[in-house]
Amino acid sequence: DNSFSFRQNELATKGEPVPRGMSAEQFAKFQESPFMKKARMQEETTWTLTSERDKQRKARDPAFNPQESDFTASKAYDYEKIVNY
């Protein structure tokens, strides 16, 4: 098994591996960054627009009743990847 030698060589040439992830302080700072503020704002806007769209559809179509199980339901039709529909 040469994996030990490989690990030893990697350690000798590259040094100790750098720990991955963020500290609690870095994570808190990241959450307050302009990027994350914009991402949260976008998520809220998407949720609002999607909810409003679903309410309007429900008013027009009484049969429309979305449920969480819709995402795990079996397919109504099996499409073939190689067929150009």
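Above this text you will find the structure in question.
Going along each chain's sequence as written, the residues are numbered from 1 onward. Reporting in this predicted model follows two pLDDT cut-offs: at least 70 for local features of residues, and 80 or more for side-chain atom pairs to be given and counted; totals over whole chains, interfaces and linings ignore these cut-offs and use all residues. Where side-chain values are given, they derive from all heavy atoms of the structure, hydrogens and water being excluded.

*Asks:* I'm lost on the environment of Ser-33 in this one. Help?
*Replies:* Here a strand is any run of E in DSSP of at least two residues, a helix any run of H or I of at least four, and the numbering for each starts at the N terminus. Relative to the helices and strands, Ser-33 is located in the loop between helix H2 (24–31) and helix H3 (34–60). Through-space distance from the C-alpha of Ser-33 to that of Ala-76 is 44 Å; in sequence the pair is 43 residues apart.

*Asks:* Would you explain the packing of aromatic side chains in this entry?
*Replies:* For any pair of aromatic rings, the description consists of the separation of the ring centres together with the inter-plane angle of the planes. In summary, the pairing rule links any two rings of Phe, Tyr or Trp, Trp by its six-membered ring, whose centres are within 6.5 Å, and it sorts them by plane angle into stacked for under 30 degrees, edge-to-face for over 60 and tilted for everything else. For the coordinates displayed, the defined rule picks out 3 aromatic pairs. Geometrically, the ring pair formed by Tyr-77 and Tyr-79 is edge-to-face, given 4.9 Å between the ring centres and 70 degrees between the ring planes. Assessed through its relative accessible area of 48%, Tyr-77 is described here as partly exposed. Since its relative accessible area comes to 60%, Tyr-79 is described here as exposed. Relative to Tyr-85, the ring of Tyr-79 lies with its centre 5.2 Å away and its plane at 90 degrees, an arrangement referred to as edge-to-face. Only protein chains enter the accessibility calculation, which uses a 1.4 Å probe; a residue is then buried when its area is under 20% of its type maximum, exposed when over 50%, and partly exposed in between.

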